[in-house]
Amino acid sequence: MTRRVIDAFAAREAVDVRAARARLAVLTGREGQVVRAVARGLSNGEIARELVMSETTVKAHVSRALTKLGLTDRVQIALLVRDARHEETVLPGRGIAPLPGRTVSSWRMVLLF
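A brief look at the structure comes next. Predicted model only: the values in this text are computed from it and were never measured. Within every chain, residues take consecutive numbers counted from 1 along the sequence as written. Owing to the predicted nature of the model, reporting of local features is limited to residues with pLDDT of at least 70; listing and counting of side-chain atom pairs is limited to 80 or more, with chain, interface and lining totals taken over all residues. Just so you know, side-chain values use all the structure's heavy atoms and leave hydrogens and water out.

## Quick word on the pattern of salt bridges
- Within this document, salt bridges are pairs made up of a side-chain nitrogen of Lys or Arg and a carboxyl oxygen of Asp or Glu, the two lying within 4 Å of each other. With the rule as written, the count across this model stands at 4 salt bridges.
- Close ionic contact of arginine 64 with glutamate 31 constitutes a salt bridge, the shortest N to O distance being 3.2 Å. Here glutamate 31 lies in helix 2 (residues 29-39) and arginine 64 lies in helix 4 (residues 55-69), a separation of 33 residues in the sequence.
- The salt bridge involving aspartate 83 is made with arginine 82; its shortest N-O contact spans 2.9 Å.
- When a residue's accessible area, from a 1.4 Å probe over protein chains only, is under 20% of the maximum for its type it is buried; when over 50% it is exposed; and in between it is partly exposed. Overall, the relative accessible area of 33% leaves aspartate 83 in the partly exposed class.
- The class of arginine 82 is partly exposed, set by a relative accessible area of 29%.
- Salt bridges linked by common partners bring Glu31, Arg64 and Lys68 together as one network. By the criteria applied, helices consist of DSSP H or I runs no shorter than four residues and strands consist of E runs no shorter than two, each listed in order from the N terminus.

## What to know about helix 5 (residues 74-84)
- Within the sequence span of helix 5, burial applies to Ile77, Leu80, Val81 and Ala84. Down the axis of helix 5, the smallest arc covering the buried residues is 100°, so these residues share one side.
- Looking one or two places after helix 5, you find arginine 85, whose phi comes out positive at around 60°. The arc in question is traced by the directions running from the helix axis to the C-beta atoms.

## Re helix 2
- Within helix 2 the residues assigned to the buried category are Glu31, Gly32, Val34, Val35, Ala37, Val38 and Ala39.
- Note on helix 2: the residue one or two positions beyond its end, glycine 41, has a positive phi of about 90°.

This is how it looks when you write it as structure tokens:
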């Protein structure tokens, strides 16, 4: 019985990951880069510097991604990226950690899983 419950949960989780990845697949390459940066908790300015584009372009990519994905805010983007299990966007483990290059006093709370 326990084995069947575990197998059912694992199968459902695999479907959820595939569904999230399929949703993200509608994005262009650059939109995908911006979405993953949003999921890491970066501001528009930080994304612009990291991806070498203007803040206006970042805002346009975020807006188009929200529309394409049927989402309303950056938190929903982060959750979708998490569901897709894009490992490059988060660190393994549980808890909070500073983003790279941040001091302890300027930590951003990042949910790690």
